[in-house]
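Working through the structure, step by step
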Amino acid sequence: MKNDSVSLTIDGKPVQVPAGTALLLAAKANNIDIPTLCYHPELKPEGHCRLCVVEIGTAPRTRLVNSCTYPAEPGLVVQTASAKVLASRRMVLELLLAQAPAGEHLKEMAAAMGVHETRFKKGDPAARCILCAQCVRTCREVVGVSAISMAFRTPKKRVATPFAEQSEACIGCGSCVFICPTNTIAYTEKDGIRTVWGRKFELQPCNKCGNYIAPKAQLEHWAKLTGDPVESFYVCKDCR
Ligand code: SF4
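Residues numbered from 1 in each chain as written. Predicted model: local features only at pLDDT ≥ 70, side-chain atom pairs only at ≥ 80, totals over all residues. Heavy atoms only, no water.

Quick look at the domain arrangement of the protein
What the domain assignment reports for the protein is domain 1 (5–112) and domain 2 (134–233). For domain 1 versus domain 2, the distance between C-alpha centres works out to 32 Å. Taken together, the contacts link 11 residues of domain 1 with nine residues of domain 2. Note on domain 1 versus domain 2: buried area summed over both sides is about 820 Å², and carbon and sulfur give 44% of it. By the criterion of area lost to domain 2, the three top residues of domain 1 are Leu 43, Glu 46 and His 48, representing 49% of everything that side buries. The tally of links between domain 1 and domain 2 comes to one salt bridge. Grouping the constituent residues of the side of domain 1 that touches domain 2 by class yields five nonpolar, three polar and three charged. (Domains from an automatic or database assignment. Contact = heavy atoms within 4.5 Å. Buried area = accessible area lost by both parts, 1.4 Å probe. Salt bridge = Lys/Arg side-chain N within 4 Å of Asp/Glu carboxyl O. Nonpolar A, V, L, I, M, F, W, Y, C, P; charged D, E, K, R; others polar.)

Given below as structure tokens:
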């Protein structure tokens, strides 16, 4: 065994993975699929959906943990589809089906796990947000502005700007829209104006071809990050 590897057991199968590997990825590397709705390879896992729970330990001392955040440990015994795990996942799916009745991917995933209905009171029939927080994490980790966050507690939990008002921090980049797996975030572009999170952003046209590049606020953000004059971003990548 390499020094930086750990040996553990997943669903009865002895496996070796680099120390610190999240159980979700350790399982995946060994062809064991664990369902998840919030994991994204480019974002720090935070265990938002709780669908990826697995049972660790040996009876009677076992517990459920989020496999996306729990690291592989030497000698760990992991079950990815025990009765406890499946019951927990079904509960999570029922809660999400009530939260996002219009979530098609969610419904398909739930049906594949034998969950076709929810015992919980359904919210807005058009709601699709599965509270994966990919938008929030992208805004914070990738864009670096934290214009949105998860607000309120279940069952009112949702993504919002601070105090549900127009966020001064938002640069209108649309990264949250792009990453959202459920197409939930309202976004329009018309006549050189992009509207997202209730705020209007003027788009900067390319100095050479005239095509819109990005919101002026986003280019100003880039200028601040790089120290370059904002005008240096007024040419689109095709005309550079
Ligand atoms: S808006 Fe989209 S990305 Fe954000 S939490 Fe909801 S489903 Fe996830």
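Some remarks on the site of the ligand
As a matter of local geometry, the ligand sits amid Cys 129, Ile 130, Leu 131, Cys 132, Ala 133, Cys 135, Val 159, Cys 180, Pro 181, Thr 182, Thr 184 and Ile 185. Partitioned by chemical class, the residues of the shell around the ligand number 10 nonpolar, two polar and no charged. (Near = heavy atom within 4 Å.)

Focus on the sheet that holds strand β8 (residues 187–190)
On the basis of which strands lie adjacent, the open sheet formed by four strands has the order β8-β9-β10-β11 and antiparallel pairing. Of all strands in the sheet, those bounded by a partner on one side alone are β8 and β11 (212–215). Pairwise comparison of adjacent strand axes, ignoring direction, gives a mean angle of 25° for this sheet. Here helix α6 (residues 216–226) sits on the sheet and contacts β9 (193–196), β10 (199–205) and β11; the angle it forms with β11, its principal contact strand, is near 75°. (Pairing = 2+ DSSP bridges. Helix = DSSP H or I, 4+ residues; strand = E, 2+ residues; numbered from the N terminus. Axes fitted to C-alpha atoms, helices over the stretch in contact; angles between N-to-C directions.)

Regarding the pairing of β8
If a strand is regular, its side chains alternate between the two faces of the sheet. Sheet topology note: the β8/β9 ladder contains four bridges and is antiparallel. In the strand pairing of β9, Thr 188 is matched with Thr 195. The turn joining β8 and β9, which pair antiparallel and follow one another in sequence, is formed by two residues; a positive phi near 50° is taken by Asp 191.

Quick notes on helix α4 (residues 134–143)
Where burial is concerned, most of α4 is hidden: seven out of the 10 residues are buried. Listed as buried for α4 are Gln 134, Cys 135, Val 136, Arg 137, Thr 138, Cys 139 and Val 143. Against the buried residues of α4 lie β6 (149–151), β7 (158–160), α5 (175–179) and α6. (Buried < 20%, exposed > 50% of the residue type's maximum accessible area, 1.4 Å probe, protein only.)

Observations regarding the side chain of Arg 194
If you trace the backbone, Arg 194 turns up in strand β9. Separated by 3.2 Å, the side chain of Arg 194 and the backbone oxygen of Cys 173 make a polar contact. Excluding residues within four positions of it along the chain, Arg 194 makes contact with Gly 172, Cys 173, Gly 174, Tyr 187, Thr 188, Glu 189, Arg 199, Lys 200, Phe 201, Leu 203, Pro 215 and Gln 218. (Polar contact = N/O pair within 3.5 Å; in protein donor to acceptor, adjacent residues only side chain to side chain.)

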